[in-house]
Amino acid sequence: MSEQGPIRWLGVVAFTAALAGGLLLLDRGLGGPRAHGGFIEVPLLDDLPTDLGPRMSPTYFPASLRWPPAQIRWRRAGGRAWWLGISAAQGELALWMGAAEGPRPGAPHEIAGCLPAADPDAEPCPTGWHTHTRPLVQGFTMFVVTRLPPEEAEMIFEGLERGERPR
Amino acid sequence: MFVLLVANVVHGLLALVWIAGVQRLLAPRSAIWATHTLALGLAVPVLAGLWGLLSPALGAEMGELTLLRVGPALEAARVAAPPVAPLAWTLLGGTVILFVAQELLRAVLGVRRWQRAERVPDPALAALAERLVAEFRRQGLYGRRQRAPGVAALDLDRPVALLAGLHAPTVLISRGLVARLDADQLEGVLAHELAHAALGGNRRLLMLWLLRALQAHSPAALVLFRSLTARLELACDALAARVTGKPAALASALMAVHRAQPGAAADAANAARTTAARADRKLLETRVRALLDARPDAATPGPAAVLFGAVLLALLLGGVR
């Protein structure tokens with residue numbers, strides 16, 4: 001490869017790996033850990049790719065919740081899915097809404113145990129959280145997973161059904 | 001769009017750091033080596049940007065393997081310090097203005113200046129070029145199928161020597177320059193221009209310039225391209241010195257050409273004040289010193305080394321998106 005021998009090139013490989021490690025440390029140090037389960041976390045709703053299945057807009061949203069979503073995650077590998085984590089006025093997450101495809105739809109690790117047909121290794125559904133689901137087109141399922149009172153959750157869910165728009 | 005532009009700048013800066021490290025680790029390396037590494041620094045960020053654009057559509061997210069998430073980092077910076085976005089736009093816009101004023105206009109005006117001059121066949125120059133080309137071929141510096149550039153004199157009093165043309169390149173040397181140089185110096189200058197053809201000529205330079213133009217907003221691309229053009233001159237000097245065996249004659253020719261430039265005396269006076277004049281003088285000093293002090297090194301990297309470097313840099317930059 002070179003007249004100067006492979007040892008120097010090993011140094012180049014090590015230097016490249018060190019740079020990569022430095023970037024990883026910088027990113028995870030400043031930006032926090034990446035979402036689990038192959039989900040990509042993005043800052044804006046506009047950053048969600050357009051081919052992730054039906055998109056819903058809430059037509060009812062209680063004043064106790066904050067919009068825009070605090071968490072926006074999506075994935076393609078292992079079944080397309082997108083999820084929005086909505087926080088309550090106090091700041092903690094109170095509701096996840098999204099759509100996922102396939103017989104074992106993927107969800108953010110925090111609520112993965114709340115889904116029917118959840119992975120056996122998934123963390124259990126947090127106490128007090130409940131799930132609303134409805135099949136959508138093209139093998140997708142719509143989800144609302146929340147710790148809000150069931151009647152309020154039902155109104156959000158029905159509002160979402162009315163606001164459904166195919167993408 | 002904003003994230004894409006900033007990601008490209010980050011790619012370019014990372015490429016600069018990587019190149020600096022690699023050059024230190026593999027030192028000493030010839031100027032030809034440096035031009036190849038710097039060319040990678042210009043090309044790989046463009047490929048990494050394309051990969052960032054296309055990979056989601058291809059269903060190939062890097063997931064956990066992403067090293068640096070530029071979008072979220074930018075968004076966090078925007079929230080923490082709102083002036084970040086306007087400042088970044090100012091930096092990107094300012095770099096585009098620098099590109100237009102210092103590179104685009106300079107290139108266009110520079111070509112126009114000599115294009116008006118008449119090209120005259122010069123049998124003596126042609127014979128000298130033929131002998132030099134044979135030596136380039138003997139040393140394996142021209143490919144077997146590579147056509148040697150033509151040679152012509154320019155009916156111009158100003159000292160000009162350049163390789164012109166993309167498909168049928170021609171070395172043009174002004175009569176004013178021929179009159180100012182002795183035989184050895186002229187041989188050195190002609191060999192230098194023929195070396196440009198050996199290193200890819202204007203086609204390669206145009207490709208690199210297009211890569212630079214695609215990244216006109218990037219300060220890193222500015223540094224990479226200017227370093228590359230400077231190193232290219234050093235590389236051609238090294239090849240010319242190797243072919244002629246007379247580095248001192250080429251060094252003295254460079255000094256003679258510099259002294260004969262219109263306004264050279266004023267430039268010398270202004271050199272401490274004008275950035276461009278200072279850079280030109282610095283490059284001249286470096287070239288003369290490289291020719292006189294050290295044995296010019298014209299070693300060329302093999303394709304495997306270039307490919308290996310490209311893969312390493314692509315793996316690094318592909319993780320930044």
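The residue numbering used here restarts from 1 in each chain and proceeds along that chain's sequence as written. Here every chain gets a letter starting at A, and every ligand a number starting at 1, in the order they are written. Where local features are concerned, this predicted model is filtered to residues with pLDDT of at least 70; where side-chain atom pairs are given and counted, the filter is 80 or more; whole-chain, interface and lining totals use all residues. Working from all heavy atoms in the structure, the side-chain values ignore hydrogens and water.

K.L.:
Quick one: what's the story with the overall build of chain B, residue by residue and with numbers?
P.N.:
Numbering goes from the N terminus for both helices and strands, where a helix is a DSSP run of H or I of at least four residues and a strand is a run of E of at least two. Per the secondary structure count, chain B includes 13 helices and 4 strands. Categorising residues by exposure relies on relative accessible area from a 1.4 Å probe, with only protein chains included: less than 20% of the type maximum marks a residue as buried, more than 50% marks it as exposed, and the intermediate range marks it as partly exposed. Burial statistics for chain B: of 321 residues in total, 47% are counted as buried. Of the accessible surface of chain B, which amounts to about 15,800 Å², a share of 65% is contributed by carbon and sulfur atoms. Using the Shrake-Rupley algorithm and a 1.4 Å probe, accessible areas are obtained, with residue cover drawn only from the displayed protein chains.

K.L.:
Run through helix H4 (residues 84–115) of chain B, naming residues and quoting values.
P.N.:
All names here are of chain B. Compared with an ideal rise of 1.5 Å per residue, which puts 32 residues at 46 Å, H4 spans 45 Å between its outermost C-alpha atoms and is within 8% of the ideal. At Val100, H4 shows its maximal bend, which comes to roughly 35 degrees. All of the buried residues along H4 are Ala85, Ala88, Leu92, Thr95, Phe99, Glu103 and Trp114. The span expected for a helix works out to 1.5 Å for each residue beyond the first. Note on bend: at a given residue it equals the angle between the axes fitted to the 7 residues ending there and to the 7 starting there.

K.L.:
Kindly report on the sheet that holds strand E3 (residues 71–75) of chain A, identifying the contributing residues and their values.
P.N.:
All names here are of chain A. Here a strand pair is declared whenever DSSP counts at least two bridges between the two strands. The antiparallel open sheet is built from 6 strands, whose spatial order is E1-E3-E4-E5-E7-E6. On the outer flanks of this sheet lie strand E1 (40–41) and strand E6 (130–135), each paired with one strand and no other. As defined by bridge partners, E3 adjoins strand E4 (residues 81–87) across 5 bridges and the pair is classed as antiparallel. Counterpart to Gln71 in the pairing with E4 is Gly85.

K.L.:
An account of the pairing of strand E4 (residues 170–174) of chain B is requested, with residue identities and associated values reported.
P.N.:
Residue and element names in this part refer to chain B. Among the 5 residues of E4, 5 are classified as buried, and the element is accordingly described as predominantly covered. Residues of E4 alternate between two faces, with Thr170, Leu172 and Ser174 on one and Val171 and Ile173 on the opposite face, all of them buried. Bridging between strand E2 (residues 150–154) and E4 involves 5 bridges; their strand directions are parallel. For Gly150, the partnering residue across the bridge sits in E4 and is Thr170. With 4 bridges connecting them, strand E3 (residues 161–164) and E4 associate as antiparallel partners. Counterpart to Leu163 in the pairing with E4 is Val171. Counting the residues in the hairpin turn of E3 and E4 gives 5 residues, including Gly165, whose phi is positive at 95 degrees.

K.L.:
Tell me what's going on with the state of the cysteines, and back it up with residues and numbers.
P.N.:
All names here are of chain A. Defined by distance alone, a disulfide is two cysteine sulfur atoms within 2.5 Å. Taken as a whole and assessed by the stated rule, the structure comprises 1 disulfide over all chains. Here Cys114 connects covalently by a disulfide to Cys125, the sulfurs 2.0 Å from one another. Its S-S torsion of approximately 90 degrees makes the covalent link between Cys114 and Cys125 right-handed. Residue Cys114 is found in the loop between strand E5 (93–101) and E6, and its partner Cys125 is found in the loop between E5 and E6; the two are separated by 11 residues along the sequence.

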